[in-house]
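A structural walkthrough
For reference, the chains in residue letters:
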Amino acid sequence: DRMAAAEAELATAYAQAVRDIFFNADYTGGSTRYQKPQECWDRFEAMLDHLGRPGAALKLIHIAGTNGKGTTSALCERMLRECGVRVGLFTSPHLHVFRERIRIDGALVSREAVVSAMARVHAASLAVGGASPFEKLTAVALVCFEASGVEWVVLETGLGGRWDATNHFKPAVCGICKIGFDHMNVLGSTLREIAGEKAGIIKPGVPAFSVLQEEEAVAVLRAAATAAGAELTLGEALPAVGPLPPWLAPPCQAHNAALATALVRSVAARGLLVDDPAACARALAAARWPARFELLQPSLLHRIPLLLDVAHNQPAIRALVESVATTYAGAKMVVILGANRDKDIAAVIREILGLGSRLAALVAVASSHPKATPAAELAEMGRAAEGEARPAWLVAGSMLEGLQLAAEALGAEGCPASGQLVLCCGSVFVAAEMREALARAEPALLAEDDWAHEEPEPPLVM
């Protein structure tokens, strides 16, 4: 059958293209401060030249920050579509399938487009002496966007900003989400150093917007904007937004929604977009970004709600814990936790133990990611943690077993399901595998078009 043969051929070519992008990825988590950044920058410039500068004609919104980049990028993309333009979206990592990273008018990029783009990118990378996985990924995205005919692209930085592969073009506007401690092995050990890398996306004559930041970060952003001659609008001056759907209700998410609104209004005010005042509100109501304060009701939990979140570093976990404590005040809860080795796991555990007597137990799990901390090891770290709260630590061999242990622990508490909660967090990859396990066990729990129903692909580090 010719159709089946063609499909098999495409599947093989697509799998090879993705392998070609990531074959030289570092899964050890042992990266250090940028190695020869100018040399890498120049090499990627040469690679873009070899490809004919894909993306040079596109209108761009560029977004950096430690936490909230994905949400802000997704909201900007939906707002632009609501304004009637064709839009590309580039984010990382993916939850379920690689093609989530490159979207065109809201849809996943086709496998054919990835294969075609990677053929060009592979040749270009060989011509310049090689490229990092993220450089290849960025180039593939730009080639796909150019070929698709989109007018606008929302680019999320991969890491930092100053030396990032997404920083090689002049955008129409740039946004900076909350800056905090993560990837310190590469970006620096102080907030000032980290903010300096994020501020590297600020460019001459390009309006810049930022959510509320720590004073130390604000000083760095102001200095960068002054040096570049760019206008900087900070948190308190961002527009008020609302009403917001439940997943955008936590304060950190509301700040991201305000930032996205400011970015899109900025380009509309300069005539780069049809100014539709209601477009942003429509987008906020309609946008979806899974595993961000996502509430599910699996039957495995016997009517106890499951809250799923990708929070995976200390500042994100702190914001999540604060939002949970407020939204579910008084609820008895179990936290299902998994974490990668390259995170400050002790700090994450400390934040979660801040829930105090509300914690019935914690369940340690591990994703299949190469950098995942084994569940038993994570539980040992938890038991050794200092603090007044000394909840039981349980170890689960799978995501569904984690849910079963959580239900049993809460069942032993004897309070009604309405006063209980299971929170799953600590890793993008844990959130993804929990959603995939639920999609297999209870397909109706997630929307028919949810990517969790797609054939799963191996987790990728970036």
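The sections below set out a description of the structure shown in this document. Everything numeric in this text was worked out from a predicted model, so none of it was measured.

Cut-off values and rules
Residues numbered from 1 in each chain as written. Predicted model: local features only at pLDDT ≥ 70, side-chain atom pairs only at ≥ 80, totals over all residues. Heavy atoms only, no water. Helix = DSSP H or I, 4+ residues; strand = E, 2+ residues; numbered from the N terminus. Rg over C-alpha atoms; globule rule 2.2 N^0.38 Å. Buried < 20%, exposed > 50% of the residue type's maximum accessible area, 1.4 Å probe, protein only. Contact = heavy atoms within 4.5 Å. Areas by Shrake-Rupley, 256 points an atom, 1.4 Å probe, with all protein chains shown as cover. Axes fitted to C-alpha atoms, helices over the stretch in contact; angles between N-to-C directions. Parallel < 35°, antiparallel > 145°, perpendicular 65-115°, else oblique. Nonpolar A, V, L, I, M, F, W, Y, C, P; charged D, E, K, R; others polar. Pairing = 2+ DSSP bridges.

**Notes on the overall build of the protein chain**
For the protein chain, the count of helices and strands is 15 helices and 14 strands. Its C-alpha radius of gyration of 22 Å places the protein chain within 12% of the 23 Å reference for a compact globule of 462 residues. If you line up the protein chain on its principal axes, its C-alpha atoms span 65 × 60 × 45 Å. Buried positions account for 57% of the 462 residues belonging to the protein chain. Long-range contacts, defined here as pairs at least 24 residues apart, represent 77% of the contacts in the protein chain between residues at least 6 apart. Looking at the protein chain as shown, the accessible area adds up to about 18,600 Å², and 55% of this sits on carbon and sulfur atoms.

**A closer look at the packing of helix H14 (residues 399-411) against helix H15 (residues 428-441)**
Axis separation between H14 and H15 bottoms out at 9 Å; the angle between their running directions is 85°. In terms of their interaxial angle, H14 and H15 are classed as roughly perpendicular. Residue-level inspection shows Met399, Leu400 and Leu403 of H14 in contact with H15, the latter providing Val430, Glu433, Met434, Ala437, Leu438 and Ala441. A per-class count over the contact of H14 with H15 returns 8 nonpolar, no polar and 1 charged.

**Considerations on the sheet that holds strand E11 (residues 332-337)**
Strands in a sheet are paired, the pairing made by backbone hydrogen bonds, and the direction either parallel or antiparallel. Taken in spatial order, the 6 strands of this open sheet run E9-E10-E14-E11-E12-E13, and their pairing is mixed. Across the chains shown, the open sheet's two edge strands, defined by having one partner strand only, are strand E9 (294-296) and strand E13 (392-395). Across the sheet, the mean angle separating the axes of adjacent strands is 25° when strand polarity is ignored. Strands in contact with helix H11 (residues 314-327) are strand E10 (306-308), E11 and strand E14 (420-425); relative to E14, the strand with the most contacts, it is inclined by about 165°. Strands E9, E10, E11 and E14 of the sheet are contacted by H15, whose axis makes an angle of about 135° with E10.

**A word on unusual backbone geometry**
Of note, the amide linkage connecting serine 92 to proline 93 takes the cis form, showing an omega dihedral of -5°. The omega torsion across glycine 242 and proline 243 is -5°, close enough to zero to call that bond cis. Looking at the secondary structure, you find proline 243 in the loop between strand E8 (232-233) and helix H9 (251-269). A positive phi angle, near 65°, is found at alanine 291, a position not held by glycine. With respect to the helices, strands and loops of the structure, alanine 291 is situated in the loop between helix H10 (279-286) and E9.

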